[in-house]
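# Overview (structure and organization)
Listed below are the residues making up each chain.
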Amino acid sequence: MSRKGKAFLELDPVYRTTQLTRLSPDRHDAGHVRFANDDSTSARADGPPKPDIEPEALCEMFRKARERNAKLQLVFEDGKLSQAKSKSMCLQIRDQQDVPLASLLGNQNQVWTLQDKWVLAVILAHAALHCPAGSWLRADWSKEHVSFFRRGATQQADLSHPFLTLDFDNQPAGVSLDGSDALFEPQPTLLSLGILLLEVIKGTAIETHHSPEDLIDGRPNEYTNLTTALRLLEKSNGDLFVGYRKAVKACLEWDTANGELQHEEFARRMYEVIVEPLERELEHGFEISPDNLGLTGLKGIKV
């Protein structure tokens, strides 16, 4: 922005959005530029502006605005930044309890369509593709680590927008969030994904399918879910679409089919045998592409 002229800047510290209104000399509402979707009318500075704001003072103003749930309004004129009168927020933030996927499986009150299940499956596969190591995605991730928020005032979870639950206080020591210090072991992550995909398409938890032969002395062990998933997949031969079945099978038998791959080779191979078949079935069945879901495929991954 040129140092000449006048602009009005409105910062929303609660929702972390910004709206910039550039004011022309002749007309105060000309050249309106938005950085956030805001239906409010163009704001104007009320009263004479205060002197230029130092960076430290700006941070303090931003903090106070957040505490008071107010929008911070600033005026940038001829290279100087000054404060205008702040205004209260029209909307109040309400705490919303997340809904774990575990609580939805087998829940008769939750409506699951086949499209819901396919969309969720593709999103979960992309999560494993883009976060194969490190603290953002646990190797033993499960239905307990996938959550949703409810749609408006209804009790139905918004299945198209899952969130990964991450506990920063209980991360393994020495593991960075970007995975740079993590040992690259794709098999546990993909095993977890395969089980999740089966749970989603069946609508029930893997534990409900345990049989006596999956247990030792009547108790589950580290291989119980794998043996249960393999048996369930075999019995579902006529119930699953080919692409979905192949994706689950690739997850459960990754080590047998692919051996040891480096990170770059793993990403490409995983996309080919797991993610892409799911995407293809979703697009053929419901005309929903990865772009429609805001997914990027292999973009941003070094392959």
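Since we're looking at a predicted model, the values are computed, not measured.

Calculation rules
- Within every chain, residues take consecutive numbers counted from 1 along the sequence as written.
- Local features in a predicted model are, by the rule used here, given only for residues with pLDDT of at least 70; side-chain atom pairs are given and counted only at 80 or more, and totals for whole chains, interfaces and linings are based on all residues.
- To get the side-chain values, take all heavy atoms of the structure and skip hydrogens and water.
- Helical segments are the DSSP runs of H or I of at least four residues, strand segments are the runs of E of at least two, and each set is numbered from the N terminus.
- Under the scheme applied here, a residue whose accessible area is under 20% of the maximum for its type counts as buried, over 50% as exposed, and between as partly exposed, the area being computed with a 1.4 Å probe on protein chains only.
- Contact between two residues is taken to exist if any of their heavy atoms lie within 4.5 Å; hydrogens are not considered.
- Accessible surface area values rest on a Shrake-Rupley calculation with a 1.4 Å probe, where residue burial reflects the displayed protein chains alone.
- The term salt bridge refers to a pairing of a side-chain nitrogen on Lys or Arg with a carboxyl oxygen on Asp or Glu at a separation within 4 Å.
- For two strands to be treated as a pair, DSSP must find no fewer than two bridges joining them.
- Residue-level confidence of the predictor, termed pLDDT, takes values from 0 up to 100.
- Here an axis means a line fitted to C-alpha atoms, over the contact stretch when the element is a helix, while the angle between two N-to-C directions is reported on a 0 to 180 degree scale.
- Every angle not falling under 35 degrees, over 145, or within 65 to 115 is termed oblique; those three ranges are roughly parallel, roughly antiparallel and roughly perpendicular.
- Note: crossing handedness is left-handed where the near helix turns anticlockwise from the far helix by less than a right angle, and right-handed where it turns clockwise.
- Amino acids are sorted into nonpolar (Ala, Val, Leu, Ile, Met, Phe, Trp, Tyr, Cys and Pro), charged (Asp, Glu, Lys and Arg) and polar (every other residue, Gly among them).
- To pair, rings of Phe, Tyr and Trp, with the six-membered ring standing in for Trp, must have centres within 6.5 Å; the planes then decide the type, stacked if under 30 degrees apart, edge-to-face if over 60, and tilted in the middle.

## Side note on the overall build of the protein
Counting its regular elements, the protein contains eight helices and nine strands. A total of 303 residues make up the protein; the buried ones form 40% of that total. Put simply, 60% of the contacts in the protein that link residues at least 6 apart link residues at least 24 apart. Split by element, the accessible area of the protein, about 18100 Å² in all, is 51% carbon and sulfur.

## Considerations on the pattern of salt bridges
Considering all chains together, one arrives at six salt bridges under this definition. Note that Arg151 is salt-bridged to Asp158, the shortest N-O span being 3.4 Å. By relative accessible area, which is 38% here, Arg151 ends up partly exposed. A residue is classified by how much of its surface remains accessible, and Asp158, at 17% relative accessible area, is buried. Among the salt bridges present, the one from Glu272 reaches Arg269, with a minimum N-O distance of 3.8 Å. One end of the pair is Glu272 and the other is Arg269, both in helix α8 (residues 263-286) and three residues apart, which spans about a single turn. Glu272 sits in the partly exposed class, given a relative accessible area of 38%.

## A word on the pairing of strand β5 (residues 80-83)
As paired elements, strand β4 (residues 70-77) and β5 share four bridges and run antiparallel to each other. Along β5, the bridge assignment pairs Glu77 with Lys80. Linking two consecutive strands that pair antiparallel, namely β4 and β5, is a turn of two residues; a positive phi of about 50° is found at Asp78 within it.

## Here's the deal with the confidence of the model for the protein
Summary statistics for the protein give a mean pLDDT of 76 and a share of 67% for residues scoring 70 or more. The least confident element of the protein is strand β3 (residues 32-34), whose mean pLDDT is 33; the most confident is helix α6 (residues 242-252), at 95. In the predicted structure, residues 173-184 sits below a pLDDT of 50 and forms 23 contacts with residues beyond four places in sequence or in another chain.

## Some details on the environment of Gln187
Positionally, Gln187 belongs in helix α4 (residues 186-202). Each C-alpha atom, one on Gln187 and one on Trp254, is 6.4 Å from the other, the two residues being 67 residues apart in sequence.

## Some details on the sheet that holds strand β7 (residues 99-100)
What the three strands build is an open sheet, ordered β7-β8-β9; its pairing is antiparallel. Two strands lie at the open edges of the sheet, namely β7 and β9 (163-164), each paired on one side alone. Where strand β8 (residues 146-148) lies against β9, two bridges are found, and the strand directions are antiparallel. The partner of Ser147 across the bridge, within β9, is Phe163.

## So, the packing of helix α5 (residues 224-235) against α6
Where α5 meets α6, the closest approach of the two axes is 11 Å, and the angle between their N-to-C directions is 155°. On the basis of the axis angle, α5 is roughly antiparallel to α6. Taken as a pair, α5 and α6 cross one another with a handedness that is left-handed. Across the interface between the two elements, Leu226, Ala229, Leu230, Leu233 and Glu234 from α5 touch Arg245, Val248, Lys249 and Leu252 from α6. Of the residues belonging to the contact of α5 with α6, the class tally is six nonpolar, no polar and three charged.

## As for the packing of aromatic side chains
Per the counting criterion, the structure on display carries four aromatic pairs. Judged by centre distance (5.7 Å) and plane angle (65°), the ring pair of Trp118 and Phe241 falls under edge-to-face. Of the two residues, Trp118 is situated in helix α3 (residues 114-130) and Phe241 in the loop between α5 and α6; the sequence distance between them amounts to 123 residues. Note on Trp118: relative accessible area 2%, which makes it buried. The rings of Trp118, Phe241 and Tyr244 are connected pair by pair, giving a single aromatic cluster.

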